Amino acid sequence: RQASPAPTSTTPPTCTTQNCLVCARGAPPCFAQSPSPTWADICYTALYALTMANPDQKFFHIKKDICNFIDAHYDTLCMRDRTSIWRQTVNMTLSHPQYYDLFQQESSLENGRKGFYGLKLIADPFDMTEITKRTRRRRKDGLAASSEDQLLVHSSDSMSSSQDSTTGPAMASSAPATPTTTMT
């Protein structure tokens, strides 16, 4: 009789981030409002938590920092089954033109580093009612043609005060409702 191979561990790595917001607070409250957050929401939250834990660091490496952070908090942040290609999805999300208003890539011309990303706008996702809002543009035949995401920076307080009984919650404007810092 042959010995069966030792079972492989599927336990996610533990978080090594000092003062981690996700460890302390869990997922942002707006994540509970939908079946699962978008990858843009997940990446934004991960980059925000990394930025707050490392205030002197503006950019984080996609594999060493961002994916490791998401991996350690996958069950908390992703709220979906883990797939074999989730890391590629993170990479595509961070580099997709649709999200240029959220994420910025460090220029490899500046210091020769590749694969480093940061946030363009620093807004606390734990104070937002939504991080990104998916809207669908309609083709002439009525079918969904594409979707666009935009950063929403509404605080819970501003949402409740700007609600109209006929139209429902106010949608995002370009002016942030919570204090934000622009990263350049």
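In what follows, the structure referred to is the one given above.
Since we're looking at a predicted model, the values are computed, not measured. (Residues numbered from 1 in each chain as written. Predicted model: local features only at pLDDT ≥ 70, side-chain atom pairs only at ≥ 80, totals over all residues. Heavy atoms only, no water.)

## Considering the overall build of the chain
Then, number 1: If you tally the helices and strands in the chain, you get seven helices and seven strands.
Then, number 2: Within the chain, the proportion of its 184 residues that are buried is 40%.
Then, number 3: Contacts spanning at least 24 positions in sequence make up 63% of the contacts within the chain whose residues lie at least 6 apart.
Then, number 4: Split by element, the accessible area of the chain, about 11,200 Å² in all, is 49% carbon and sulfur. (Helix = DSSP H or I, 4+ residues; strand = E, 2+ residues; numbered from the N terminus. Buried < 20%, exposed > 50% of the residue type's maximum accessible area, 1.4 Å probe, protein only. Contact = heavy atoms within 4.5 Å. Areas by Shrake-Rupley, 256 points an atom, 1.4 Å probe, with all protein chains shown as cover.)

## Some remarks on helix 3 (residues 62-72)
Side chains three or four residues apart in an α-helix point the same way, a direct result of the helix having 3.6 residues per turn.
Then, number 1: Of the positions making up helix 3, those classed as buried are Ile-62, Ile-66, Cys-67, Phe-69, Ile-70 and Asp-71.
Then, number 2: Buried positions along helix 3 lie against helix 1 (21-25), helix 2 (39-53), strand 1 (60-61), helix 4 (74-77), helix 5 (86-95) and strand 3 (116-119).

## What about the nonpolar core?
Then, number 1: The biggest cluster of nonpolar side chains holds 38 residues, and the ones touching the most others in it are Tyr-44, Ile-66, Phe-69, Ile-70, Val-90, Leu-94 and Phe-103.
Then, number 2: It is helix 2 that provides the largest number of residues to this core, a total of 10 residues.
Then, number 3: The contact partners of Ile-70, leaving out residues within four places of it in the chain, are Ile-42, Ala-46, Cys-78, Trp-86 and Val-90. (Core = buried A, V, L, I, M, F, W, Y, C linked by side-chain atoms within 4.5 Å.)

## Considering unusual backbone geometry
Then, number 1: Positive phi, normally seen in glycine, also occurs at Asn-19, with a value near 55 degrees.
Then, number 2: Mapped onto the fold, Asn-19 is located in the segment before helix 1.

## Observations concerning the pattern of salt bridges
Pairing is possible between side chains of opposite charge, provided their charged atoms come close.
Then, number 1: As enumerated under the stated definition, the model contains three salt bridges in all.
Then, number 2: Here Arg-25 ties to Asp-124 by a salt bridge, and the two come within 3.8 Å at their closest N and O atoms. Of the two residues, Arg-25 is situated in helix 1 and Asp-124 in the loop between strand 4 (121-122) and strand 5 (132-138); the sequence distance between them amounts to 99 residues.
Then, number 3: Note on Asp-124: relative accessible area 17%, which makes it buried.
Then, number 4: Arg-87 is paired through a salt bridge with Asp-71; the nearest N and O atoms lie 3.4 Å apart. Pair noted here: Arg-87 is in helix 5 and Asp-71 is in helix 3, with a separation of 16 residues, a long-range link.
Then, number 5: Its relative accessible area of 39% is what places Arg-87 among the partly exposed residues.
Then, number 6: One salt-bridge network, in which partners are shared between bridges, spans Asp-71, Arg-82 and Arg-87. (Salt bridge = Lys/Arg side-chain N within 4 Å of Asp/Glu carboxyl O.)

## A look at helix 2
Then, number 1: With 15 residues, helix 2 ought to run about 21 Å at 1.5 Å a step, and its terminal C-alpha atoms sit 21 Å apart, in line with that.
Then, number 2: Burial runs high along helix 2: 14 of the 15 residues are buried. (Expected span 1.5 Å × (residues − 1).)

## Overview of the environment of Thr-93
Then, number 1: Checked against the element boundaries, Thr-93 lands in helix 5.
Then, number 2: According to the relative accessible area criterion, Thr-93 is buried, its value standing at 7%.
Then, number 3: C-alpha separation for the pair Thr-93 and Ile-42, spaced 51 residues apart in sequence, amounts to 9.9 Å.
Then, number 4: Residues within four places of Thr-93 in sequence aside, it is in contact with Trp-39, Ala-40, Cys-43, Tyr-99 and Phe-103.
Then, number 5: A distance of 2.7 Å separates a polar side-chain atom of Thr-93 from the backbone oxygen of Thr-89. (Polar contact = N/O pair within 3.5 Å; in protein donor to acceptor, adjacent residues only side chain to side chain.)

## A look at the packing of aromatic side chains
Then, number 1: Here the structure, examined in full by the defined rule, presents four aromatic pairs.
Then, number 2: Taking 6.5 Å as the distance between ring centres and 10 degrees as the angle between the ring planes, the aromatic pair formed by Trp-39 and Trp-86 counts as stacked. You can see Trp-39 sitting in helix 2 and its partner Trp-86 sitting in helix 5, a full 47 residues away along the chain.
Then, number 3: Here Trp-86 falls in the buried class, since its relative accessible area comes to 2%.
Then, number 4: A connected cluster of aromatic rings, assembled from ring pairs, spans Trp-39, Tyr-74 and Trp-86.
Then, number 5: In this arrangement the basic side chain of Arg-82 is found over the ring face of Tyr-74, its NZ or CZ atom lying 4.2 Å from the centre. (Phe/Tyr/Trp six-rings, centres within 6.5 Å; stacked < 30°, edge-to-face > 60°. Lys NZ or Arg CZ within 6 Å of the ring centre and 35° of its normal.)

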